[in-house]
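# Tertiary structure, described
Each chain is listed here by its residues.
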Amino acid sequence: MEKLKEKILSEGKVISDSILKVDSFLNHQVDVNLMKEIGEEFGKYFNSKNITKVVTIESSGISPATMTALYLNVPLVFLKKQKPNTLNNDILQTTVKSFTKGETYELTVSKKYLQKDDNILLIDDFLANGEAASGAIRLIEALGSNVSGIGIVIEKSFQPGRKLLESRGYDIYSLARIKQLSDGKIYFL
Ligand code: 5GP
């Protein structure tokens, strides 16, 4: 998506050879017009897949996922990173290793929001090692829903996430694919 790539080039900050900061339009402040176009792009690509729900991970996935769900006219469910106050049978949890923080966290979903045979479009802001997406997929599939597609705003293609998910047969559509981050510069595939 050319507009997204231009935005990344003009506002993205290369923190290291593996981390890109895009706080000005995606991870802190949100460019809502760009998110609207991102939602349309994902929506059009996955339109034929009979998506019944969009699922994302809080917090940075929520803005692109909301716009995608709006385009597809389906509910949005975001998986929570905060531990619930009470552990009970109504929730499902899985442990995920955070790429940016290096720590693990619990990803939680309430069972009532994902049903057997739901066709899920999973949306996330970044794809690096594929840990977050894999955790989300574990929860979705454990509840009997199907992962019908994965939409990623920014894929760092030099990290193994795409290969891992593709090897499991998932259809991944990334709007910007980064080949390399080096010397403060961003190179797309
Ligand atoms: P993965 O689980 O694929 O290793 O990493 C994906 C998650 O880590 C995303 O949900 C995102 O929050 C975060 N992440 C990974 N790489 C980056 C990055 O370069 N910049 C930012 N801002 N977040 C990242």
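Okay, so let's go over this structure.

One pass over the full model with this rule turns up twelve salt bridges. Across the pair R177 and E155 runs a salt bridge whose closest N-O atoms are separated by 3.0 Å. Of this pair, R177 sits in strand β9 (residues 172-182) while E155 is found in strand β8 (residues 146-156), placing the two residues 22 residues apart along the sequence. The class of E155 is buried, set by a relative accessible area of 1%. Through salt bridges with shared partners, one network takes in E155, R162, E166 and R177.

Once that is clear, we can look at the site of the ligand. Taken together, 16 residues surround the ligand, and among them L20, N129, G130, A132 and K156 come closest. The contact in question runs from an oxygen atom of the ligand to an N or O atom on the side chain of D125, over 3.2 Å. Starting from 500 Å² of accessible surface for the ligand in isolation, the protein chains cover 89%. If you map the ligand onto the pockets, it falls in the largest pocket.

Okay, the sheet that holds β8 next. The six strands lie next to each other as β4-β3-β7-β8-β9-β10, forming an open sheet whose pairing is mixed. Edge positions in the sheet fall to β4 (76-79) and β10 (185-188), since each has one partner strand and no second. This sheet shows a mean twist of 30 degrees between the axes of neighbouring strands, independent of strand direction. Relative to β4, strand β3 (residues 53-57) runs parallel, the two sharing four bridges. Its bridge partner lying in β4, T56 is registered against F78.

Packed helices, taken two at a time, are described by the angle between their axes plus the distance between the axes. Contact geometry for helix α1 (residues 2-11) and helix α3 (residues 32-45): axes closest at 10 Å, N-to-C directions at 140 degrees. One finds that α1 runs oblique with respect to α3. Considering how the two elements wind past one another, α1 and α3 form a crossing that is left-handed. Note on element contacts: α3 touches α1 through L34, E37 and I38, opposite K3, L4 and K7.

About the cut-offs
- Residues numbered from 1 in each chain as written.
- Predicted model: local features only at pLDDT ≥ 70, side-chain atom pairs only at ≥ 80, totals over all residues.
- Heavy atoms only, no water.
- Salt bridge = Lys/Arg side-chain N within 4 Å of Asp/Glu carboxyl O.
- Helix = DSSP H or I, 4+ residues; strand = E, 2+ residues; numbered from the N terminus.
- Buried < 20%, exposed > 50% of the residue type's maximum accessible area, 1.4 Å probe, protein only.
- Near = heavy atom within 4 Å.
- Polar contact = N/O pair within 3.5 Å; in protein donor to acceptor, adjacent residues only side chain to side chain.
- Areas by Shrake-Rupley, 256 points an atom, 1.4 Å probe, with all protein chains shown as cover.
- 1 Å grid on protein atoms, 1.4 Å probe; cavity = no way out; pocket = protein on both sides within 12 Å on 5 of 7 lines; lining within 4 Å.
- Sits in = over half its atoms within 2 Å of the grid points.
- Pairing = 2+ DSSP bridges.
- Axes fitted to C-alpha atoms, helices over the stretch in contact; angles between N-to-C directions.
- Parallel < 35°, antiparallel > 145°, perpendicular 65-115°, else oblique.
- Left-handed = near helix turned anticlockwise from the far one by under 90°.
- Contact = heavy atoms within 4.5 Å.

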